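What follows is the residue order along each chain.
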Amino acid sequence: MNAAVRAVVRMGIYVGAKVYFIHEGYQGMVDGGDNIKEASWESVSSMLQVGGTVIGSARCKDFRTHEGRLRAALNLVQRGITNLCVIGGDGSLTGANLFREEWSGLLDELVQSGQISEEAAQTHSALHIVGMVGSIDNDFCGTDMTIGTDSALHRIIEVVDAIMTTAQSHQRTFVLEVMGRHCGYLALVSALACGADWVLIPEMPPKDGWEEQMCHKLSESRLRGSRLNIIIVAEGATDRHGNPISSNTVKDLVVRCLGFDTRVTILGHVQRGGTPSAFDRILASRMGVEAVLALLEASPGTPACVVSLCGNQAVRLPLMECVQMTQEVQKAMDEKRFEEAVKLRGSSFNVAVLNVGAPAAGMNAAVRSAVRVGITEGHTLFAVNDGFEGFSKGQVMQQIKWGDVGGWTGQGGSLLGTKRTLPAKHIDKIAEQMRIHNINALLVIGGFEAFESLLQLVDARSRYEEFCVPMCMLPATISNNVSGTDLSIGADTSLNAIVETCDRIKQSASGTKRRVFIIETMGGYCGYLATVGGLAAGADAAYIYEEPFDIRDLQSNVEHLTEKMKTSIQRGLVLRNENCSENYTTDFIYQLYSEEGKGVFDCRKNVLGHMQQGGAPSPFDRNFGTKIAAKAMQWISKKLKEFYRTGRVFANTEDSACLLGMRRRALVFQPVIQLKDETDFVHRIPKEQWWLRLRPLMKILAKYKTSYDVSDSGQLEHIVLKTYSM
């Protein structure tokens, strides 16, 4: 929430508005006085890394009464406030909408009682409201992610990863209870992210007889050699008859039926705390800026809107449509229409799977998902070790089975092994291996090398029939430099590593007067990590290859930091992409800043290096990898049926070799041949990159005068009911 507060304050000041904090939620609005204070640029400094909300939040009975709302209206009019940005759940947002509907009536009452003048009532005749959804449960319809959900998943996964080591050592079963009284999102996604054996959520109560089914599944898993079982229960889980299923009920059942050593862990409020994740900081910063733009464009007839995320796109939706849809879900659950509640929430072939390029966290989750979905679809899966180099040497695992990928989701790096070698070098030998193992389809998981590899294989189709099979590539690279996708597996984990380090580095200067840190990030020629990491860590500048800079820019950044040091904020953060300039190296920038800042600030430099590539994958990368690999495998199944003729698979059309990427709002399969023109092969980056639009936002939040392109900002849309089919 703090990242959203910071973005609203700074964007508001940037556009020339007066911005006020209302402390303690609606209670502060009703009580007035010191609870409503003007915000300054400095007042939101150093809050990106703080969990919770620094302006406080409180449940308020007074605001539910007409008298309470009347006092709140008086407090706002006295300060000339007619635009409200509300960050909260559906209760807070519904309250805001009611307040807006009553506004003109409340002003009339205040005029009649002589508390405000007729003129004041006319000046403040319209109240505009924009909502942002802050809720760890992700229980609000209309947005893919609410502010706080990703951070809560981080807390859950940290606990699960820690528990898995002890469970494995002692051959234990763990029952974990996570929050979600009416919404199973946290339970379902954390179960996916840690490879749990069973999950119980309110929207999908298990069918009668689930107890035997679950126990059978657990004992089967033990027989296959697994030393642990994880069961995740949402706190609001029930059976089909509405009887609650608690974590202790599940534990007693496992002990009674199987005699397994079983423990319960209730995570409770741990899920609400801690440092916000990189994803939440970026989401909240983007939403905050979008909210200010929505308020600026609002007219008296504009309905109260909520700023949402759809795929990778910010959208605006009518607040009450979202609230009504959210309430419909609860109604459907209360009436035991479970299938509807879920909708409201939203022949054997041989398939080879391999990793290509540098390791990226989340690759293993993608491999696990591909293997298990492939087996479910009836295919035989082959795992290739060490990329195309391993393929050419015949390092093909004889058939990878269901149990072989157990526990892979939370593992960093690449368990299959990965190399940067491209296939062109060994094309004969790879074709031979394809023939020996009768490979009918290929799933390649990797970065820019994987993209180049697929292009080379497509090119070789005219010479080798073995490559006339469906091929799919999943983008997995920390650099996020592959054409055809906004996001890549591994980039979120890397961003979290950068942000965590930047937080620590900034904190190291808290006892020191006036210090600037120069930090070098990876990414090749792609400035994604430096830019988005800079936005999430609150950097003052980020130097990247895509936005050329010269000595004058460096000079103006130094001057900007010198000005900043005169305020109460006495530390600076500058990010530099490793290949942003041949001559303006990290050392050069460090020396320049040190020299120019003499007497004002001192400098320190830090090259983050390979710590950006390691570590356990973040919840986002685990789930993104799991989701897109499952989707890719289903696409491969469809294509195999499509291209199966007279006893063999033959595919040589453009659309039989695709990259599956996240494009704005949707996951899209795009022929790699068509993505060729969108790519700069010399610098290994896409010619157009969506995140460059975030750079002005980073500069605005760092107090630079710059223009912000609003052409891509959300327009008010209507909420649509999604029906999912797998």
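Residues numbered from 1 in each chain as written. Predicted model: local features only at pLDDT ≥ 70, side-chain atom pairs only at ≥ 80, totals over all residues. Heavy atoms only, no water.

- As annotated in an unreviewed UniProt entry, the chain carries the name ATP-dependent 6-phosphofructokinase and is attributed to Cyprinus carpio carpio.
- Listed in UniProt under the heading Pathway (unreviewed entry), the comment for the chain reads: "Carbohydrate degradation; glycolysis; D-glyceraldehyde 3-phosphate and glycerone phosphate from D-glucose: step 3/4."
- According to UniProt, the comment filed for the chain under the heading Function (unreviewed entry) is "Catalyzes the phosphorylation of D-fructose 6-phosphate to fructose 1,6-bisphosphate by ATP, the first committing step of glycolysis." (UniProt positions renumbered as here; feature names shortened; annotations may be inferred.)

Observations concerning the packing of aromatic side chains
And then number 1: Counted according to the given criterion, the structure contains 18 aromatic pairs.
And then number 2: On the numbers, 4.0 Å between centres and 0 degrees between planes, the contact of Tyr-26 with Phe-63 is stacked. Separated by 37 residues along the polypeptide, Tyr-26 in helix H2 (residues 25-31) and Phe-63 in the loop between strand S2 (36-38) and helix H3 (66-78) bring together distant segments of the chain.
And then number 3: On the accessibility criterion, Phe-63 (5% relative accessible area) is buried. (Phe/Tyr/Trp six-rings, centres within 6.5 Å; stacked < 30°, edge-to-face > 60°. Helix = DSSP H or I, 4+ residues; strand = E, 2+ residues; numbered from the N terminus. Buried < 20%, exposed > 50% of the residue type's maximum accessible area, 1.4 Å probe, protein only.)

Let's talk about the UniProt feature "binding site: Mg(2+)" (unreviewed entry) in the chain
And then number 1: According to UniProt, the positions carrying the feature "binding site: Mg(2+)" (unreviewed entry) are Asp-90.
And then number 2: Structurally, the position occupied by Asp-90 is in helix H4 (residues 90-112).
And then number 3: Not counting residues within four places of it along the chain, the set of residues in contact with Asp-90 comprises Phe-140, Val-323 and Thr-326. (Contact = heavy atoms within 4.5 Å.)

Brief notes about the pattern of salt bridges
And then number 1: This model, assessed by the stated rule, comprises 32 salt bridges.
And then number 2: Of the charged contacts, one joins Arg-604 and Asp-602 as a salt bridge, the two residues approaching to 3.6 Å between their closest N and O atoms.
And then number 3: Accessibility expressed as a relative area gives 29% for Asp-602, which makes it partly exposed.
And then number 4: When salt bridges that share partners are traced, they join Arg-420, Glu-449, Glu-452 and Arg-684 into one network. (Salt bridge = Lys/Arg side-chain N within 4 Å of Asp/Glu carboxyl O.)

Observations regarding the environment of Glu-212
And then number 1: Secondary-structure assignment places Glu-212 in helix H8 (residues 210-223).
And then number 2: Residue Glu-212 is classed as exposed on the basis of its relative accessible area, which comes to 55%.
And then number 3: Glu-212 sits 76 residues away from Gly-288 along the chain, and the two C-alpha atoms are 48 Å apart.

Observations regarding helix H6 (residues 149-170)
And then number 1: The end-to-end C-alpha distance of H6, which contains 22 residues, comes to 31 Å, matching closely the 32 Å that a straight helix rising 1.5 Å per residue would cover.
And then number 2: Directly beyond the C-terminal end of H6, a positive phi value near 50 degrees is found at Gln-171. (Expected span 1.5 Å × (residues − 1).)

Focus: the sheet that holds strand S9 (residues 305-310)
Pairing between the strands of a sheet is mediated by backbone hydrogen bonds and can be parallel or antiparallel.
And then number 1: Strands sit in the order S3-S4-S9-S10 across an open sheet of four strands; the sheet is mixed. Edge positions in the open sheet fall to strand S3 (83-88) and strand S10 (313-318), since each of these has one partner strand only. Ignoring which end each strand starts from, the neighbouring axes of this sheet average 30 degrees apart. (Pairing = 2+ DSSP bridges. Axes fitted to C-alpha atoms, helices over the stretch in contact; angles between N-to-C directions.)

Quick notes on the side chain of Thr-679
And then number 1: For Thr-679, the position within the fold is in strand S24 (residues 679-680).
And then number 2: A polar side-chain atom of Thr-679 sits 2.6 Å from a polar atom in the side chain of Ser-483. (Polar contact = N/O pair within 3.5 Å; in protein donor to acceptor, adjacent residues only side chain to side chain.)

A closer look at the packing of H6 against helix H7 (residues 185-194)
And then number 1: H7 packs onto H6 with a crossing angle of 45 degrees between their chain directions and a minimal axis gap of 10 Å. When the interaxial angle is binned, H6 and H7 end up oblique. Taken as a pair, H6 and H7 cross one another with a handedness that is right-handed. The residues of H7 that touch H6, namely those facing Thr-149, Ala-152, Leu-153, Ile-156, Ile-157, Val-160 and Met-164, are Tyr-185, Leu-186, Val-189, Ser-190, Ala-193 and Cys-194. (Parallel < 35°, antiparallel > 145°, perpendicular 65-115°, else oblique. Left-handed = near helix turned anticlockwise from the far one by under 90°.)

A word on the nonpolar core
The nonpolar side chains of a soluble globular protein tend to be buried, and buried together.
And then number 1: Counting 99 residues, the largest nonpolar core has Leu-443, Ile-445, Leu-474, Tyr-528, Leu-575 and Ile-636 as its most contacted members.
And then number 2: Looking at this core, the element that brings in the most residues is helix H10 (residues 278-297), giving twelve residues.
And then number 3: Other than its neighbours up to four places away in sequence, Leu-443 contacts Ala-352, Val-353, Leu-354, Ala-370, Cys-472, Leu-474, Ala-632, Met-633 and Ile-636.
And then number 4: Within the second largest apolar cluster, 39 residues are counted, among which are Tyr-26, Leu-110, Val-111 and Ile-129. (Core = buried A, V, L, I, M, F, W, Y, C linked by side-chain atoms within 4.5 Å.)

Let's talk about the side chain of Arg-368
And then number 1: Here Arg-368 shows up in helix H13 (residues 363-376).
And then number 2: In this structure Arg-368 is buried but unpaired, with Asp-197 as the nearest side chain of opposite charge at 8.1 Å.
And then number 3: Only 3.4 Å separates the side chain of Arg-368 from the side chain of Thr-409, close enough to count as a polar contact.
And then number 4: Excluding anything up to four places from it in sequence, Arg-368 contacts Leu-192, Gly-195, Val-405, Trp-408 and Thr-409. (Lys, Arg positive; Asp, Glu negative; His and termini not counted.)

Considerations on unusual backbone geometry
One can expect most non-glycine residues to show negative phi and most peptide bonds to be in trans.
And then number 1: Even without being glycine, Ser-46 reaches a positive phi, approximately 60 degrees.
And then number 2: Mapped onto the secondary structure, Ser-46 falls in the loop between S2 and H3.
And then number 3: Taking the relative accessible area as the measure of exposure, Ser-46 reaches 34% and is therefore partly exposed.
And then number 4: Even without being glycine, Asn-480 reaches a positive phi, approximately 55 degrees.
And then number 5: Inspection of the secondary structure puts Asn-480 in the loop between strand S15 (471-475) and helix H17 (491-508).
And then number 6: By relative accessible area, Asn-480 is classed as buried at 3%.

Structural notes on a negative patch on the surface
And then number 1: On the surface, Glu-67, Asp-108, Glu-109 and Glu-118 cluster together into a patch of negative charge.
And then number 2: Looking at the element boundaries, Glu-67 is found in helix H3.
And then number 3: Judged by its relative accessible area of 53%, Glu-67 falls in the exposed class. (Patch = residues over 30% accessible without salt bridge, like charges linked within 9 Å, V, L, I, M, F, W, Y side chains within 5 Å. Areas by Shrake-Rupley, 256 points an atom, 1.4 Å probe, with all protein chains shown as cover. Charge placed at Lys NZ, Arg CZ, Asp CG, Glu CD.)

A word on the environment of Gln-689
And then number 1: Relative to the helices and strands, Gln-689 is located in the loop between strand S25 (685-686) and helix H23 (695-701).
And then number 2: Linking Gln-689 and Val-482, residues 207 residues apart in sequence, is a C-alpha distance of 9.7 Å.
And then number 3: Not counting the four nearest positions on each side in its chain, Gln-689 is found in contact with Asn-480, Cys-526 and Glu-546.
And then number 4: A distance of 2.8 Å separates polar atoms of two side chains, one belonging to Gln-689 and the other to Glu-546.

A short note on the sheet that holds strand S8 (residues 262-266)
And then number 1: In space, the four strands of this open sheet follow the order S6-S7-S5-S8, with parallel pairing throughout. Of all the strands in the sheet, just strand S6 (198-200) and S8 have a single pairing partner and so form its edges. Each strand axis lies, on average, 15 degrees off the axis of its neighbour in the sheet, ignoring direction.
And then number 2: Pairing analysis gives six bridges linking strand S5 (residues 173-178) to strand S7 (residues 229-234), with the strands arranged parallel.

Focus on the pairing of strand S14 (residues 441-446)
And then number 1: Burial of S14 is extensive: six of the six residues sit out of reach of the surface.
And then number 2: Across the two faces of S14 the burial is the same, with Ala-441, Leu-443 and Ile-445 and Leu-442, Val-444 and Gly-446 all buried.
And then number 3: Summarising the sheet, strand S11 (residues 350-356) and S14 pair through six bridges and their orientation is parallel. Along S14, the bridge assignment pairs Val-351 with Ala-441.
And then number 4: In the sheet, S14 pairs with S15 via five bridges, with the strands oriented parallel. From the neighbouring strand, Ile-445 faces S15, where its bridge partner is Leu-474.
And then number 5: As for the winding sense of the linkage, the β-α-β connection from S14 through helix H16 (residues 448-459) to S15 is right-handed. (Right-handed = clockwise from strand over helix to strand, strands pointing away.)

Section: H17
And then number 1: Between its first and last C-alpha, H17 extends 26 Å over 18 residues, near the 26 Å set by a 1.5 Å rise per residue.
And then number 2: The element H17 is extensively covered by neighbouring structure, given that 14 of its 18 residues are classed as buried.

Digging into the packing of H10 against H17
And then number 1: Relative orientation of the contacting elements H10 and H17 amounts to 90 degrees, with a least axis distance of 8 Å. As summarised for this structure, H10 and H17 are arranged roughly perpendicular, according to the angle between their axes. Where H10 abuts H17, its residues Ala-278, Phe-279, Arg-281 and Ile-282 lie against Asp-492, Leu-495, Asn-496, Val-499 and Asp-503.
And then number 2: Residue classes in the contact of H10 with H17 are distributed as five nonpolar, one polar and three charged. (Nonpolar A, V, L, I, M, F, W, Y, C, P; charged D, E, K, R; others polar.)

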